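Chains, contacts and geometry: an overview
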Amino acid sequence: MIHKNWENKETIKQIKCVHNDAEKFVVDKTLTPGKVYDVKNETDEFYFIIDNTNRIGGFHKEYFEEV
């Protein structure tokens with residue numbers, strides 16, 4: 001249950017949202033294009049960040065670019 005402590009975990013790096021146009025998922029309320037987010041964990045496909053709801057969320061890497 002390591003995911004329960006990610007909000008308090010040290011930031012790995014920062015990423016910038018480049019778009020929030022998703023085909024299958026609704027991310028326009030949780031991501032803002034142009035905003036920089038702190039990455040708390042990362043996998044091959046996803047970044048886990050504190051999104052606009054101030055909670056940890058996992059998002060496909062296609063929405064971001066590294067700062």
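These notes cover the structure that comes with them. Remember, predicted model here, so these are calculated numbers, not experimental data. (Residues numbered from 1 in each chain as written. Predicted model: local features only at pLDDT ≥ 70, side-chain atom pairs only at ≥ 80, totals over all residues. Heavy atoms only, no water.)

Quick look at the overall build of the chain
The number of helices and strands found in the chain is zero helices and five strands. In sequence order, the secondary structure elements of the chain are arranged as β-β-β-β-β. By the compact-globule yardstick of 11 Å for 67 residues, the chain fits well, its C-alpha radius of gyration being 11 Å. In terms of its C-alpha atoms, the chain occupies a principal-axis envelope of roughly 30 × 25 × 25 Å. Per-residue burial over the chain gives 28% buried out of 67 residues. The contacts in the chain between residues at least 6 apart in sequence include a share of 45% that link residues at least 24 apart. Positive and negative side-chain charges of the chain, numbering 10 and 13 respectively, have mean locations separated by a distance of 6 Å. (Helix = DSSP H or I, 4+ residues; strand = E, 2+ residues; numbered from the N terminus. Rg over C-alpha atoms; globule rule 2.2 N^0.38 Å. Buried < 20%, exposed > 50% of the residue type's maximum accessible area, 1.4 Å probe, protein only. Contact = heavy atoms within 4.5 Å. Lys, Arg positive; Asp, Glu negative; His and termini not counted. Charge placed at Lys NZ, Arg CZ, Asp CG, Glu CD.)

A word on the nonpolar core
Within soluble globular proteins, side chains that are nonpolar generally end up buried alongside one another. Counting residues in each nonpolar core, the largest one holds eleven residues, listed as Ile-15, Cys-17, Val-27, Leu-31, Tyr-37, Val-39, Tyr-47, Ile-49, Phe-59, Tyr-63 and Phe-64. Among residues more than four places away in sequence, those in contact with Tyr-37 are Lys-13, Gln-14, Ile-15, Cys-17, Thr-30, Leu-31, Thr-32, Ile-49, Ile-50, Asp-51, Asn-52 and Phe-64. (Core = buried A, V, L, I, M, F, W, Y, C linked by side-chain atoms within 4.5 Å.)

Some points on the environment of Lys-16
Note on placement: Lys-16 falls in strand E1 (residues 13-17). Spatially, the C-alpha atom of Lys-16 lies 6.2 Å from that of Tyr-37, the residues being 21 residues apart in sequence.

Points about the packing of aromatic side chains
Applying the stated criterion to the full structure yields five aromatic pairs. Relative to Phe-48, the ring of Phe-46 lies with its centre 6.4 Å away and its plane at 45 degrees, an arrangement referred to as tilted. The class for Phe-48 is buried, based on a relative accessible area of 17%. Both rings, one in Tyr-47 and one in Phe-64, keep their centres 5.7 Å apart while their planes meet at 80 degrees; by these two values the pair is edge-to-face. Of this pair, Tyr-47 sits in strand E3 (residues 46-50) while Phe-64 is found in strand E5 (residues 64-66), placing the two residues 17 residues apart along the sequence. We note that Tyr-47, like Phe-64, is buried. What links up through ring pairs into an aromatic cluster is the set Tyr-37, Tyr-47, Phe-59, Tyr-63 and Phe-64. One residue, Lys-61, lies across the ring of Tyr-47, its end atom 5.1 Å from the ring centre. (Phe/Tyr/Trp six-rings, centres within 6.5 Å; stacked < 30°, edge-to-face > 60°. Lys NZ or Arg CZ within 6 Å of the ring centre and 35° of its normal.)

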